[in-house]
Amino acid sequence: MHDIAKEAANFINLDVINIIYLFVVGFVGGLVSGFIGSGGAFVLTPGMMSLGVPGLVAVASNMCHKFPKALVGAIKRAKYGQVDIKLGIIMGISAEAGVLYGAHIQQNIKSAFGDAGSNLYVSVSFVVILAIVGGFVLRDAWKTYRSGSTHEEEKLTRLAKWVQSINIPGTMVYFKSLNAKISVLFTIPLGFATGMLAATIAVGGFIGVPSMIYVLGAPSLMASASELVIAFVMGLGGSLKYAMGGLVDIRLAMIILAGSLFGIQLGAIGTTYVKPFMIKVVMGVIMVIVLFSRALMVPVYLAQLGVIETLGETTVKVLKNTSFAIMIMAVLIGAFIVLRAIWQGRRAEKVATKEAISHS
């Protein structure tokens, strides 16, 4: 009986407004996910936490909704020839090991420090990762845009050239997305780090997508599509691990999945219309906005743990409401950028088709 009460305490009450909010967050998460290949969880995990869902339950429920959605997205993107299945599966296997290890750490933190400790761990991880990756991605998108090479092929980084030049006998595998053979000894640590992060904040794509682009040398479109294969493999194993600990709120998973499945179809279509640098812009902008949303909650968790002085009720309320408002802003801006890119792309395509008909 005590265990049932303890598990029930993990789960929030769902009213109509909460359900609509979660559906919309799921839709935008799917839209972003289909568009940039990163599970969209950097919108979904904070989105659930801003409703009061404990960090670990948000991560676990997010992983649970993720693998069927990733499968749908991967199949859709594979039709456009954007998926490197071999790269996705090989990185997915080492990512699975990272997920199991990361989930073990998460559960230890929760049992030692309770929800406040778990929420703090998830939020600080988000802030640090979002700052590093979001800043890097935006800088890269800006450089591409400034150089005016938005229509040209993406250039390999120096690191990717070096990785592709290393020959370690017995470990070399050919990947079509790279059009080169590389050693799996490079993919294993990248996959493990992706899985480890996925189990921590339910976002593996933060490491998965940039590492395939900048370390291995995959084009943005193929890296973002192949990440969906990794997300499927990781999500399946991670969900089982967390479900056994009674941490998956299946209601949350189903609501955000319903929204996501709409969004991911649109997002995947959007990738066929936009320049690769736009994918980086969307990813970077949303990351930086969500970063501020989570950062505002860090003092609240620190106070709950007694690390800093107790905050007044009004202060806590202001921080929570501001964090929630910034989160909604991130969701709306992300949706606007992706939908606008799709609309502009379709319009340009129609104009081009009309011109081709008039000339023929």
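Since the model is a prediction, treat every value here as computed from it, not as a measurement.

Participant: Describe the nonpolar core, with residues and values.
Facilitator: What tends to happen in soluble globular proteins is that the nonpolar side chains get buried as a cluster. Leu22, Phe42, Met212, Leu216 and Tyr242 are the most contacted members of the largest nonpolar core, which totals 88 residues. A total of 13 residues in this core trace back to one element, the largest contributor, which is helix α5 (residues 85-147). If we ignore the near neighbours within four places in the chain, the residues touching methionine 212 are Leu87, Met91, Gly217, Ala218, Ala223, Ser226, Glu227 and Ile230.

Participant: Got a sec to walk through the packing of α5 against helix α9 (residues 220-244)? Specific residues and values, please.
Facilitator: Contact pair α5 / α9: the axes reach a minimum separation of 8 Å and the direction vectors enclose 30°. Note that α5 runs across α9; the crossing there is right-handed. Of the residues belonging to the contact of α5 with α9, the class tally is 13 nonpolar, nine polar and two charged.

Participant: Before we move on, could you go through helix α10 (residues 250-270) and cite the residues and values that matter?
Facilitator: The end-to-end C-alpha distance of α10 is 29 Å, a good match for the 30 Å that 21 residues give at a rise of 1.5 Å each. Within the sequence span of α10, burial applies to Leu252, Ala253, Ile255, Ile256, Leu257, Gly259, Ser260, Gly263, Ile264, Gly267, Ala268 and Gly270.

Participant: Tell me what's going on with the packing of aromatic side chains, and back it up with residues and numbers.
Facilitator: If you walk through the whole model with that rule in mind, you get five aromatic pairs. Arranged with centres 6.2 Å apart and planes meeting at 35°, the rings of tyrosine 101 and phenylalanine 192 form a pair that is tilted. Here tyrosine 101 is found in helix α5, whereas its partner phenylalanine 192 is found in helix α7 (residues 184-201), with 91 residues between them in sequence. With a relative accessible area of 32%, phenylalanine 192 lands in the partly exposed category.

Participant: So what's going on with the side chain of threonine 45? Which residues, and what values?
Facilitator: The topology assignment puts threonine 45 in helix α3 (residues 41-49). Within polar-contact distance, the side chain of threonine 45 engages the side chain of asparagine 62 at 2.7 Å.

Participant: Go over the environment of glutamine 107, please, and point to the residues and values.
Facilitator: Position of glutamine 107 relative to the elements: it lies in helix α5. Sequence separation between glutamine 107 and tyrosine 242 is 135 residues, and the spatial gap between their C-alpha atoms is 8.8 Å. What glutamine 107 contacts, discounting residues up to four positions off in sequence, is Leu56, Lys241, Tyr242, Gly245 and Leu247.

Participant: Account for the environment of valine 83, naming residues and giving values.
Facilitator: Relative to the assigned elements, valine 83 resides in the loop between α4 (55-79) and α5. Among all residues touching valine 83, those that are not within four sequence positions of it are Ala74, Arg77, Ala78, Lys176, Met222, Ala225, Ser226 and Val229.

Participant: So, the pattern of salt bridges: which residues are in play, and what are the values?
Facilitator: By the definition in use, this model includes two salt bridges. Of the charged contacts, one joins aspartate 115 and lysine 110 as a salt bridge, the two residues approaching to 2.5 Å between their closest N and O atoms. Judged by its relative accessible area of 17%, lysine 110 is buried. Measuring nitrogen to oxygen at the nearest pair gives 2.8 Å for the salt bridge that ties arginine 251 to aspartate 249. You can call arginine 251 partly exposed: its relative accessible area is 34%.

Participant: Tell me about the side chain of histidine 65, and name the residues and values.
Facilitator: Considering the arrangement of structural elements, one finds histidine 65 in helix α4. You can call histidine 65 buried: its relative accessible area is 0%. Reaching out from histidine 65, the side chain makes a polar contact with the backbone oxygen of asparagine 62 at a distance of 2.6 Å.

Participant: Lay out a nonpolar patch on the surface with the relevant residues and their values.
Facilitator: Residues Val16, Ile20, Phe23, Val24 and Phe262 make up a contiguous nonpolar surface patch of about 480 Å² in total accessible area. By residue number, the principal contributor to the nonpolar patch is helix α2 (residues 16-36), which donates four residues. Mapped onto the fold, valine 24 is located in helix α2. In this structure valine 24 comes out as partly exposed when scored by relative accessible area, which is 37%.

Participant: So, the pairing of strand β1 (residues 172-175): which residues are in play, and what are the values?
Facilitator: Side-chain alternation along β1 places Val173 and Phe175 on a buried face and Met172 and Tyr174 on a face that remains uncovered. Summarising the sheet, β1 and strand β2 (residues 180-183) pair through four bridges and their orientation is antiparallel. Bridge pairing in β2 links phenylalanine 175 to alanine 180. Here β1 folds back onto β2, and the loop between the two strands holds four residues, one of which, asparagine 179, carries a positive phi near 50°.

Participant: Could you give me a rundown of α4, with the residues and numbers involved?
Facilitator: Between its first and last C-alpha atoms α4 spans 36 Å; for 25 residues at 1.5 Å apiece the expected length is 36 Å, and the two agree. Of all 25 residues that make up α4, 18 are buried, and the element is covered over most of its length. Following α4 by one or two positions, glycine 81 has its phi on the positive side, about 70°.

About the criteria used
- Residues numbered from 1 in each chain as written.
- Predicted model: local features only at pLDDT ≥ 70, side-chain atom pairs only at ≥ 80, totals over all residues.
- Heavy atoms only, no water.
- Core = buried A, V, L, I, M, F, W, Y, C linked by side-chain atoms within 4.5 Å.
- Buried < 20%, exposed > 50% of the residue type's maximum accessible area, 1.4 Å probe, protein only.
- Helix = DSSP H or I, 4+ residues; strand = E, 2+ residues; numbered from the N terminus.
- Contact = heavy atoms within 4.5 Å.
- Axes fitted to C-alpha atoms, helices over the stretch in contact; angles between N-to-C directions.
- Left-handed = near helix turned anticlockwise from the far one by under 90°.
- Nonpolar A, V, L, I, M, F, W, Y, C, P; charged D, E, K, R; others polar.
- Expected span 1.5 Å × (residues − 1).
- Phe/Tyr/Trp six-rings, centres within 6.5 Å; stacked < 30°, edge-to-face > 60°.
- Polar contact = N/O pair within 3.5 Å; in protein donor to acceptor, adjacent residues only side chain to side chain.
- Salt bridge = Lys/Arg side-chain N within 4 Å of Asp/Glu carboxyl O.
- Patch = residues over 30% accessible without salt bridge, like charges linked within 9 Å, V, L, I, M, F, W, Y side chains within 5 Å.
- Areas by Shrake-Rupley, 256 points an atom, 1.4 Å probe, with all protein chains shown as cover.
- Pairing = 2+ DSSP bridges.

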